[in-house]
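# Geometric and topological summary
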Amino acid sequence: MIPVSAFLIVAAVLFGIGTVGVLTSRNMIILFMSIELMLNAANLALIAFSRAVGVVDGQAFVFLVLTVAAAEAAVGLAMVLTVFRNRETINIDRYNLLKW
Amino acid sequence: MTLDQIIFFVSAVVAVFGATMMIVQRNPVASVLYLIVSLVAQAVLYMQLGTVFMGAILVVVYAGAILVLFLFVIMLLNLRGNEDLGENSPPLKRITKYLVSILFVVELVFVIRSGFKAQTAVVGVMNSTPGTDQFGSIESVATVLFTRYLYPFELTAVLLLAAVVGAVAIAKRDRGAVPPAGESGAGNAPDASTKAKVEG
């Protein structure tokens, strides 16, 4: 028997690792994967709460989040491909065309 | 410790370990593989909450489709983990990002401390009799998804269509544009078709 807070702690730790990855990573691919990890941590929290309350709606929501994550990964990686073609680097510090 | 708790601790530790290794790896391929390890452990956690269907979906969609898409892109970009990744960036920039990260970690520690103290409901599927737990079954998920959430569910179909069209349109190279130095124009057709196939 495991309390819900244990699952929420795991979700919080995963979300924190994802946040640190987004902030510190200079590699655009790893940055994208950190965003996926944050989405997954939110999903874990949703399912834990849905189990604790006993309502199935949380799972339907996780389903929709998974769809959005798939769409985001496809479009985002297409953008990575295009930007890499033009700049020939995946270091996001070099993507500074809109900075002044 | 009961079997329930042992499974929880092992899969939680593996999930956090895989996530940590993902952000510290320099080689993007190793990073993707560690994220897959973390996701499989998270799928075990899902199943422990009784949501067997969602655990299976997580492995199939995430580990099977999205991360393979990442691997495809890494392969297309021909990354080997020896790129310039900002070692020579100005010190202010580096200090700022580590400072903000440490701030988040400190915040996280407070959240976890309050989580250990909290008295919350107890979950776990190990001691419910098999066959009676309808919470995570395909039937119960489908009932909600196709009645109360039918409209959002149909909208996800539109979203996926938009993502397919958008990915192909963004990744396609212009016919009239001059290719950058060092590249031949031959690589453009496989890019678009690979993306479309993986997405479909």
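Rules and cut-offs
- Residues numbered from 1 in each chain as written.
- Chains lettered and ligands numbered in written order.
- Predicted model: local features only at pLDDT ≥ 70, side-chain atom pairs only at ≥ 80, totals over all residues.
- Heavy atoms only, no water.
- Helix = DSSP H or I, 4+ residues; strand = E, 2+ residues; numbered from the N terminus.
- Buried < 20%, exposed > 50% of the residue type's maximum accessible area, 1.4 Å probe, protein only.
- Contact = heavy atoms within 4.5 Å.
- Axes fitted to C-alpha atoms, helices over the stretch in contact; angles between N-to-C directions.
- Parallel < 35°, antiparallel > 145°, perpendicular 65-115°, else oblique.
- Nonpolar A, V, L, I, M, F, W, Y, C, P; charged D, E, K, R; others polar.
- Buried area = accessible area lost by both parts, 1.4 Å probe.
- Salt bridge = Lys/Arg side-chain N within 4 Å of Asp/Glu carboxyl O.
- Polar contact = N/O pair within 3.5 Å; in protein donor to acceptor, adjacent residues only side chain to side chain.

## Regarding the side chain of A:Asn43
Here A:Asn43 lies in helix α2 (residues 28-53). The buried category is assigned to A:Asn43, whose relative accessible area is 1%. Other than its neighbours up to four places away in sequence, A:Asn43 contacts A:Val62, A:Val65, A:Leu66 and B:Tyr46.

## Points about the packing of helix α3 (residues 57-87) of chain A against helix α3 (residues 52-77) of chain B
With their axes 10 Å apart at the nearest point, α3(A) and α3(B) run at an angle of 0° to one another. Classed by the angle they form, the pair α3(A) and α3(B) counts as roughly parallel. From α3(A), A:Gln59, A:Val62, A:Phe63, A:Leu66, A:Ala69, A:Ala70, A:Ala73, A:Ala74, A:Leu77, A:Val80, A:Leu81 and A:Phe84 reach across to α3(B), where they touch B:Phe53, B:Met54, B:Ile57, B:Leu58, B:Tyr62, B:Ile66, B:Leu69, B:Phe70, B:Val73, B:Leu76 and B:Leu77. Among the residues forming the contact of α3(A) with α3(B), the class breakdown is 22 nonpolar, 1 polar and no charged.

## Observations concerning the packing of helix α1 (residues 4-24) of chain A against helix α1 (residues 3-24) of chain B
Axis separation between α1(A) and α1(B) bottoms out at 9 Å; the angle between their running directions is 5°. The pairing of α1(A) with α1(B) is recorded here as roughly parallel in orientation. Contact residues: α1(A) offers A:Ala6, A:Phe7, A:Val10, A:Val13, A:Leu14, A:Ile17, A:Val20 and A:Gly21, while α1(B) offers B:Phe8, B:Ala12, B:Ala15, B:Val16, B:Ala19, B:Thr20 and B:Ile23. For the contact of α1(A) with α1(B), the per-class residue count stands at 13 nonpolar, 2 polar and no charged.

## Focus on the interface of chain A and chain B
Taken together, the contacts link 69 residues of chain A with 90 residues of chain B. Summing the contributions of chain A and of chain B, the shared interface buries around 7200 Å²; its carbon and sulfur component is 75%. Among the residues chain A hides against chain B, the three largest losses belong to A:Met1, A:Arg51 and A:Arg85. Together they make up 12% of the total. When the shortest N-O distance is used, the salt bridge between B:Arg148 and A:Asp57 registers 2.3 Å. At the boundary of chain A and chain B, one finds 6 residue pairs in polar contact (both at pLDDT 80 or more). Looking at the side of chain A that touches chain B, the elements with two or more residues in it are β1 (2-3), α1, α2 and α3 of chain A. Ranked by the residues each element gives to the side of chain A that touches chain B, the list is headed by α3(A), at 23 residues. For the side of chain A that touches chain B, the per-class residue count stands at 45 nonpolar, 15 polar and 9 charged.

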